[in-house]
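Chain residues, written in single-letter form:
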Amino acid sequence: MLSDSEIQRILVIEAHPDDVDFGVAGTIARWTDAGIEVVYCIVTDGDAGGHDESMPRAEIAPLRRKEQTAAAACVGVTDLRFLGYPDGRVEATLGLRKDLARVIRQVRPDRAVCPSPDRNYARIGVSHPDHRAVGSAALDAIYPDARNPYAFPELREEEGQEPWTVREAWLPGGPAPNHYVDVTDTFHRKMAALRAHESQTGHMDELEDFLRGWLARAAAQGGLPEGRLAEMFQVIETG
Ligand SMILES: [Zn+2]
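Residues numbered from 1 in each chain as written. Predicted model: local features only at pLDDT ≥ 70, side-chain atom pairs only at ≥ 80, totals over all residues. Heavy atoms only, no water.

S.K.: I'd like to hear about the nonpolar core, residue by residue, with values.
M.R.: Among the nonpolar cores identified, the biggest contains 33 residues, and Ile-10, Val-12, Ile-28, Trp-31, Val-38, Tyr-40 and Leu-211 are the most heavily contacted of them. Taken together, the elements giving at least two residues each to this core come down to strand E1 (9–14), helix H1 (19–23), helix H2 (25–33), strand E2 (37–44), helix H7 (187–196), helix H9 (207–221) and strand E7 (230–237). In this structure, Ala-15, Val-39, Ile-104 and Ala-151 belong to the second largest nonpolar core, which totals 31 residues. (Core = buried A, V, L, I, M, F, W, Y, C linked by side-chain atoms within 4.5 Å. Buried < 20%, exposed > 50% of the residue type's maximum accessible area, 1.4 Å probe, protein only. Helix = DSSP H or I, 4+ residues; strand = E, 2+ residues; numbered from the N terminus.)

Next up, the structure:
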């Protein structure tokens, strides 16, 4: 696994606004504090989410982009790319692979974060079909599309996007975690980021207790000392 000191840029690819904050925000705050540049690529606008029946659906997408932008600021991220795919209907198409390969070539990250394409039978909510589709397309974009000059040759010929090799991928929420990041000291910023998704978390009175329990169990699973909180990942070498 690469040391954070070897990392200049990290690209976080997620399906919906708020996925990054539930799964990774505590770790991202540590990365940006260390001077690493972090960019978000959010595939859908989460326009099938929310609970407020009185709000016109057309207003959901811009609201959720705004909430995600505010949440990103809580953990030191200001560069967000929204791909605008329809929420709930994402498939791992060649078109999505190309769109993600383009973003990878533009951002040129050393490390990427993306959902797991595998269904986690222990935590069904984390295996939403959009998450699995984005995870599958993202890993295909990491290998081979972004690095292969002959994959989507128009990216290079028409847009001038040169091939790029991502050296490592981190998958939160997958069925086989092998790395645990202590987020005890950045937990308050993760909470602030989650609260910024007001349309999603405004009604969740138990959110902080729920998250503390969840992250404490991850810390215990990772062998961290009692009282610590952790986010967990399956780290894959992709270089
Ligand atoms: Zn999601």
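S.K.: Talk me through the sheet that holds E7; I want residue IDs and the actual numbers.
M.R.: Sheet architecture is open: 7 strands sit in the order E3-E2-E1-E4-E5-E7-E6, paired in mixed fashion. The open sheet is flanked by strand E3 (79–85) and strand E6 (179–182), the only strands paired with a single partner. Mean inter-strand twist for the sheet, computed between neighbouring axes without regard to direction, equals 25°. Direction of pairing for strand E4 (residues 111–113) relative to strand E5 (residues 168–172): parallel, over a ladder of 3 bridges. The residue of E5 that forms the bridge with Arg-111 is Glu-168. Along the sheet, helix H4 (residues 94–107) makes contact with E1, E2 and E3, crossing E3 at roughly 170°. (Pairing = 2+ DSSP bridges. Axes fitted to C-alpha atoms, helices over the stretch in contact; angles between N-to-C directions. Contact = heavy atoms within 4.5 Å.)

S.K.: Just give me the short version of the coordination of the zinc ion, but keep the residues and values in it.
M.R.: Those donors, His-16 (ND1), Asp-19 (OD), Asp-19 (OD) and His-131 (NE2), are the protein atoms that reach the zinc ion, and they lie 2.0 to 2.7 Å from it. Note that the zinc ion binds 4 donor atoms; their angles at the metal cover 54 to 122°, and the shape is irregular. (Donors = N, O, S within 2.8 Å, 3.2 Å for Na, K, Ca; no water. Tetrahedral: all angles 85-135°; square planar, octahedral: opposite > 155°, others 65-115°.)

S.K.: Mind laying out the packing of aromatic side chains, listing which residues take part and the relevant values?
M.R.: Taken as a whole and assessed by the stated rule, the structure comprises 3 aromatic pairs. Among the aromatic residues, ring-to-ring pairing joins Trp-31, Trp-170 and Phe-233 into one connected group. (Phe/Tyr/Trp six-rings, centres within 6.5 Å; stacked < 30°, edge-to-face > 60°.)

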